[in-house]
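# Observations on the three-dimensional arrangement
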Amino acid sequence: MHHHFAAAARLIASTALVAAATAQNIRIEIPYQKFVLANGLTVIVHEDRKAPIVAVNVWYHVGSKNELRGRTGFAHLFEHLMFNGSEHFNSDYFKVLEKLGATDLNGTTSEDRTNYFQNVPTAALDTVLWMESDRMGHLLGVVDQARLDEQRGVVQNEKRQGENEPYGLAYNLMVENSFPANHPYSWPVIGYMEDLSAATLKDVQDWFKRYYGPSNATIVLAGDIDAQTAKAKVEKYFGHIPPGPPLPRHREWIAKRNDSRRVVLEDRVPQARLYRLWNIPPDYRAETEHLRLLGNILGGGKTSRLYKRLVYTDQIATDASVFLDPMEIAGVFYIEATAKPGGDLAAVEKAIDEEVRNLVANGPTAEELKRAQTQYIAGLVRGVERIGGFGGKSDLLARAEVFTGNPDAYKASIAAAQSATVADLKRAANAWLAAGDLNVAVYPFGELKAPAATSGVDRSKVPEPGPVSDAEFPKLERATLANGLKIIVAERHATPLVNIALAVDAGYAADQFATPGTAKLAMAVLDEGTKTRTSLQISEQLESLGARLGTSANLDTSQVTLSALKPNLDASLEIFADVILNPAFPPADFAREQKLQLAAIQQEKVEPLSMGLRLMPAFIYGKQHPYGNPLTGSGTDKSVASITRDALKKFHETWFKPNNSTIVVVGDTTMAEIRPKLEKAFQTWSRGGFPKKDITRVAHRDKPVLYLMDRPGAIQSMIFAAHIAPPRANPDEISFETFNTILGGAFISRINMNLREDKHWSYGATSLLYPGRGQRPFLALAPVQTDKTRESLVEMNKELREVLKTRAVTAEELAMAQDNRVLRLPGSRETNAAVLNRILDLVQYNLPEDYYDTYAAKVRALTTRDMATAAERLLQPDKLVWVVVGDREKIEKGIRELDVAEVHLIDADGNIVK
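The numbering scheme is per chain: residues are counted from 1 as the chain's sequence reads. Since the coordinates come from a predicted model, pLDDT governs what is reported: local features require at least 70, and pairs of side-chain atoms require 80 or more to be given and counted, while whole-chain, interface and lining totals use all residues. Note that the side-chain values use all heavy atoms of the structure and ignore hydrogens as well as water.

## Describing empty space enclosed by the protein
A cavity here means a set of points on a 1 Å grid, drawn over the protein atoms and nothing else, where a 1.4 Å probe fits but cannot get out; a pocket is an open set with protein on both sides within 12 Å along at least five of seven lines, and a residue lines either one if it has an atom within 4 Å of a point. Grid points are joined across faces, edges and corners, and a volume is the space filled by probe spheres set on the points. Approximately 100 Å³ is the volume attributed to the second largest cavity. Under the scheme used here, helices are H or I runs from DSSP no shorter than 4 residues and strands are E runs no shorter than 2 residues, and both carry numbers assigned from the N terminus. Where the lining of the second largest cavity is concerned, the elements lending two or more residues are α5 (170-178) and β10 (331-339). Among the elements that take part in the lining of the second largest cavity, α5 stands out by supplying 4 residues, more than any other. Among the residues making up the lining of the second largest cavity, the classes are represented as 11 nonpolar, 2 polar and 2 charged. Each residue gets one label: Ala, Val, Leu, Ile, Met, Phe, Trp, Tyr, Cys and Pro are nonpolar, Asp, Glu, Lys and Arg are charged, and the others, such as Gly, are polar.

## Comments concerning α5
We call a residue buried when its accessible area falls under 20% of the maximum for its residue type, exposed when it is over 50%, and partly exposed in between, using a 1.4 Å probe and counting protein chains only. Every buried residue of α5 is listed here: Ala170, Tyr171, Asn172, Met174, Val175 and Ser178. Residue contacts are counted whenever heavy atoms from the two residues lie within 4.5 Å of one another. Summarising the contacts, the buried residues of α5 are in contact with α4 (145-164), β7 (261-267), β8 (273-280), β10 and β11 (438-444).

## Side note on helix α25 (residues 750-758)
Of all 9 residues that make up α25, 8 are buried, and the element is covered over most of its length. All of the buried residues along α25 are Arg750, Ile751, Asn752, Met753, Asn754, Leu755, Arg756 and Glu757. Once α25 finishes, His760 follows within two positions and takes phi at roughly 35°, a positive value.

## Some points on the sheet that holds strand β2 (residues 42-47)
Being paired, for any two strands, means DSSP has found at least two bridges between them. Here 6 strands make up an open sheet; going across it, the order is β1-β2-β6-β3-β5-β4 and the pairing mixed. Two strands bound the open sheet, and with one partner strand each, they are β1 (33-36) and β4 (103-109). Neighbour to neighbour, the strand axes of the sheet diverge by 15° on average, direction disregarded. Pairing of strand β3 (residues 53-60) with strand β6 (residues 217-223) involves 7 bridges; the strand directions are antiparallel. The partner of Asn57 across the bridge, within β6, is Val220. Angles here are taken between N-to-C directions and fall from 0 to 180 degrees, while the axes themselves are lines fitted to C-alpha atoms, restricted in helices to the stretch in contact.

## Some points on the packing of aromatic side chains
What counts as a ring pair is set by centres within 6.5 Å for rings of Phe, Tyr and Trp (its six-membered ring), and what kind of pair is set by the plane angle: stacked under 30 degrees, edge-to-face over 60, tilted for all other angles. Tallied over the full model, the rule gives 25 aromatic pairs. Relative to Phe747, the ring of Phe94 lies with its centre 4.0 Å away and its plane at 20°, an arrangement referred to as stacked. By the burial criterion, Phe94 is buried, and Phe747 matches it. Among the aromatic residues, those joined into a cluster by ring pairs are Tyr60, Phe78, Phe83, Tyr93, Phe94, Tyr116, Phe208, Tyr212 and Phe747.

## Considering the layout of surface pockets
Looking at the second largest pocket, its volume works out to about 610 Å³. Along its surface, the second largest pocket is lined by 25 residues, and Lys95, Lys99, Ile748, Glu812 and Met816 are the ones closest to its centre. At 6 residues, helix α27 (residues 811-823) tops the list of elements feeding residues into the lining of the second largest pocket. Among the residues forming the lining of the second largest pocket, the class breakdown is 13 nonpolar, 5 polar and 7 charged.

## Here's the deal with the environment of Gly213
As for its placement among the helices and strands, Gly213 is situated in the loop between α7 (201-211) and β6. A residue is classified by how much of its surface remains accessible, and Gly213, at 11% relative accessible area, is buried. Along the chain, Gly213 and Ile241 lie 28 residues apart, while their C-alpha atoms are 7.6 Å from each other.

## Quick look at the pairing of β10
Counting buried positions over the 9 residues of β10 gives 9, a clear majority of the element. Residue alternation in β10 divides its side chains into two sets, Gly331, Phe333, Ile335, Ala337 and Ala339 and Val332, Tyr334, Glu336 and Thr338, and both sets are buried. As paired strands, β8 and β10 are joined by 8 bridges and run antiparallel to one another. Bridge pairing in β10 links Leu277 to Tyr334.

## Topic: the side chain of Lys605
Within the secondary structure, Lys605 is located in the loop between α19 (587-604) and α20 (608-621). Polar contact criterion, stated in full: a pair of N or O atoms within 3.5 Å, where within protein one must be able to donate a hydrogen and the other to accept it, and residues adjacent in sequence count only if both atoms are side-chain atoms. Side chain to side chain, Lys605 and Asp637 meet in a polar contact 2.5 Å long. In contact with Lys605, other than residues within four places in its own chain, are Met611, Arg614, Asp637, Ala908 and Asp909.

## Structural notes on the nonpolar core
Definition of nonpolar core: a set of buried residues of the types Ala, Val, Leu, Ile, Met, Phe, Trp, Tyr and Cys, connected through side-chain atoms within 4.5 Å. Ranked by internal contacts, the top residues of the largest apolar core, which has 127 residues, are Leu97, Ile219, Leu221, Phe238, Leu706 and Phe739. Beyond its immediate chain neighbours, meaning those up to four positions away, Leu706 contacts Leu793, Trp882, Val884, Ile895, Val900, Ala901, Glu902, Val903 and His904. Within the second largest apolar cluster, 76 residues are counted, among which are Ile500, Leu521, Tyr621 and Val705.

Rendered as structure tokens:
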């Protein structure tokens, strides 16, 4: 797992103006049964019958801390090797799993453990246990030199891709400088290039024999299963595997520092950024929970002290957040803040100093503590709505068992957070944050030129899963209020949560009547203050209710979403309506958000993926088309600088009409209960006229063209190929989606298997149909190593042509894609938010009412002939627009020699450069 320091999605929230249900009395209880097989495999089972799916979560107690200097990267390399085939199924793990409809399917490596997890339909459980046990007990026979070389190549590209991102190099510096050189946390999880290159086949095989036995593993089964069934199945598949050797364990090594340290780095970034970190205790300690609450108070969203001070009051930073990483033997407390473009990082650092010192000296207020506790519990409640994936129930049980030997250990942590006092937090701040800070400052780089055993299991084939029970899509009830506001309600009573979304028919396409970037900026400022509440009051009131409110826009709609705890629904709904009906667009908040959007544009113009997404639309639609602006919706430097506050008010007055909007409600309520609440909340909203967005049809380009954008010193090139595709609501859509799964949509699709697994020039290549109500972009994209840019262009071009002419989709590929599209449905509808998003799709793309009810049958009915038709109707390889972002000095000659298209050089704004 590569740590994401990204300002964790800024949750909104907050004061006790409302009598909130307190977080102190919400209990989180995950009943389980635990048993240990004779070979040492620990098994934990939790029964939850809400959907016909089971989460399978296997944790091996091995991570990068078990490595040695000079031999790093093994734990993560094995995470890759384990997906590549075992002795009785010597092919890609995804081939079986994607076909089963697995969701939340992944493997991750941390400093302390490697985990493999997937949710699957109950009927496919035997198949998955067979696969997982084949990896555990029967792997080494297929790990030969060729396989080691292939996956080493993939991992090295993953490392390049991470380090090619802006600020990507800062992570290594933090790791290397925060712990002493012989500490097991002092090297990056992904390891070092030279260690990966030096690993021999014997090294790798010895590593596996040592760490991947059942005695070093825990398996959690959660969902549609009982303990007795689970025990029999696990015994059957895993019981014959011999245990691994006894292993030494680090218990605790915090390595607290007492001095202050600095590291300075120059990188190709648009804004200076500071990371400040302290070493703190490991997970499952009361003190760590106190530090977690302090982190929330200091940097957990808009009401936090650092965000208020740096982004709101002083306006010297574009973001400020705190991230805690409590690991098994030590933890790290991180602050991250990015100076505004051209801003002064020293001023940012001084302000952080003052805020931290103040918190250490005086502790938090009682109100701050209560708010942090409510947010903490609300986050956990949203996590345990799911059986699998990060933060799901199986994840909580597995982590507690592996780190402490007790699956219930999470309870003591929650209790420590719920019972924490102001004095506890002040004590923790003094003990851990008063000294010993490491500072990593990243500055923009100057304008320089870069120099040039047997069991009763049949292992002869993978078991086929039994018939899968269809997941019911909840019944939708519809109504229309007197003012024309449409309502759709889907009841789900398993968790005391209600999710609500307002979708207004506007979106980025509405910028055809305004300046590019208006729709996005208007939604960013919408929740920053109403006629009666300031931005911070909105945040504080939501936080104290445990509610979350979000505003966003996509190509076709502008959305306001609310996630509320059922006991606090009325009070949460009142704030939701106030934001929608009475936004004040306060001048100070407008000015700040405008600066943030301009800073975001600067970031987009250096991040390889968004560089392409900014420019592609103008090339395929033309600049005047409503879809012709950057796909990120953020507009251009020039356009956003010219937007006024009045333009945002005008956007709201023009588009926010009840008869131009739909409200979708999913969760613990009914139409009878929610309709009068919505009538009351929106009674003052009156209908009116609004412009008609003209999403005109456009034609394909008459010949292929390639735009090359220079990114000096880039260690990867980003290749995009795109052209127009039919709108989302077209009669062939299900056929197109299934075809695209085969071409580039799934892990085992043709494009990814070619560029990643076969050639290992890329960490991942894909193709997609970008969602849109009008004609939408079909996009294929691949980040590839710089010295294989030309060759990768050849392969992508070949894949897009061969599927049309010489290598039609096979029956086997179609069957894989059909299973993948259908069998993941139960897992993809587990949470309220997931169901809400599916219903919003019906609204946004005008899909038929029975779209989800008939979807599975329509996918199952597809033939290979339909795939050929889909390829013909979708792909136009002679009309492609190519965009390549990379180091021109190294790649231009090879691209021009190829002659795939006429070549133009462009700048970061898409202008042709002579």
